[in-house]
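Letter by letter, the chains look like this.
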Amino acid sequence: MKILLWEMRTSKGFTLMELSKKSGIGKSTINNIENGKVSPTLFQFEMIAIALGVKITDLFESEYK
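Residues numbered from 1 in each chain as written. Predicted model: local features only at pLDDT ≥ 70, side-chain atom pairs only at ≥ 80, totals over all residues. Heavy atoms only, no water.

(A) View of the environment of Thr-57. Along the polypeptide, Thr-57 turns up in the loop between helix H4 (42–52) and strand S2 (60–61). Sequence-wise, Thr-57 and Glu-46 are 11 residues apart; in three dimensions their C-alpha atoms are separated by 9.9 Å. (Helix = DSSP H or I, 4+ residues; strand = E, 2+ residues; numbered from the N terminus.)

In C-alpha cells, the structure reads:
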C-alpha cells in the first residue's frame, strides 16, 4: 500500500511549511513520510488528513477503494 501524501499535498497546493503549520507536524517529519523514510502514526495521518481536508483513506493507494 503506497502513501500518497506528496501527491495529495501538491494537488491541494500546500508547501511542506504550510502543511506543517496547519497539521502541527514538523516539516522534516512530513518530508520523511513523503519519502518513505518513516511510517506515520495514526495520529499523524489524522492530523494531516484534517489539514488537507480529506479522509485518511485518501492518503493511500489501494486496489480496494
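Right, picking up where we left off after that structure.
(B) Representation of the side chain of Ser-23 in the model. Looking at the element boundaries, Ser-23 is found in helix H2 (residues 16–23). Judged by its relative accessible area of 5%, Ser-23 falls in the buried class. Of the polar contacts made by the side chain of Ser-23, one reaches the backbone oxygen of Leu-19; its length is 2.7 Å. At 3.2 Å, the side chain of Ser-23 forms a polar contact with the backbone nitrogen of Ile-25. Setting aside its immediate chain neighbours within four residues, Ser-23 contacts Ile-30, Met-47, Ile-48 and Ala-51. (Buried < 20%, exposed > 50% of the residue type's maximum accessible area, 1.4 Å probe, protein only. Polar contact = N/O pair within 3.5 Å; in protein donor to acceptor, adjacent residues only side chain to side chain. Contact = heavy atoms within 4.5 Å.)

(C) Looking closely at the nonpolar core. Core analysis: the largest hydrophobic core is formed by 16 residues, its most contacted members being Leu-5, Leu-19, Ile-30, Ile-48, Leu-52, Val-54 and Leu-59. For this core, the element with the highest residue contribution is H4, accounting for five residues. In this structure Leu-59 touches Lys-2, Ile-3, Leu-4, Leu-5, Met-8, Phe-45, Ile-48, Ala-49, Leu-52 and Val-54, once residues within four positions along its chain are discounted. (Core = buried A, V, L, I, M, F, W, Y, C linked by side-chain atoms within 4.5 Å.)

(D) Looking closely at the side chain of Gln-44. Inspection of the secondary structure assignment puts Gln-44 in helix H4. In contact with Gln-44, not counting residues within four places along its chain, are Ile-25, Thr-29, Ile-33 and Ser-39.

(E) Region of interest: the packing of aromatic side chains. Under the criterion given, the structure shown has one aromatic pair. Ring geometry for Phe-45 against Phe-60: centres 4.8 Å apart, planes inclined by 50°, an arrangement best described as tilted. Taken together, the positions of Phe-45 in helix H4 and Phe-60 in strand S2 put the pair 15 residues apart, joining distant regions of the chain. Pair check on accessibility: Phe-45 and Phe-60 agree, each one buried. (Phe/Tyr/Trp six-rings, centres within 6.5 Å; stacked < 30°, edge-to-face > 60°.)

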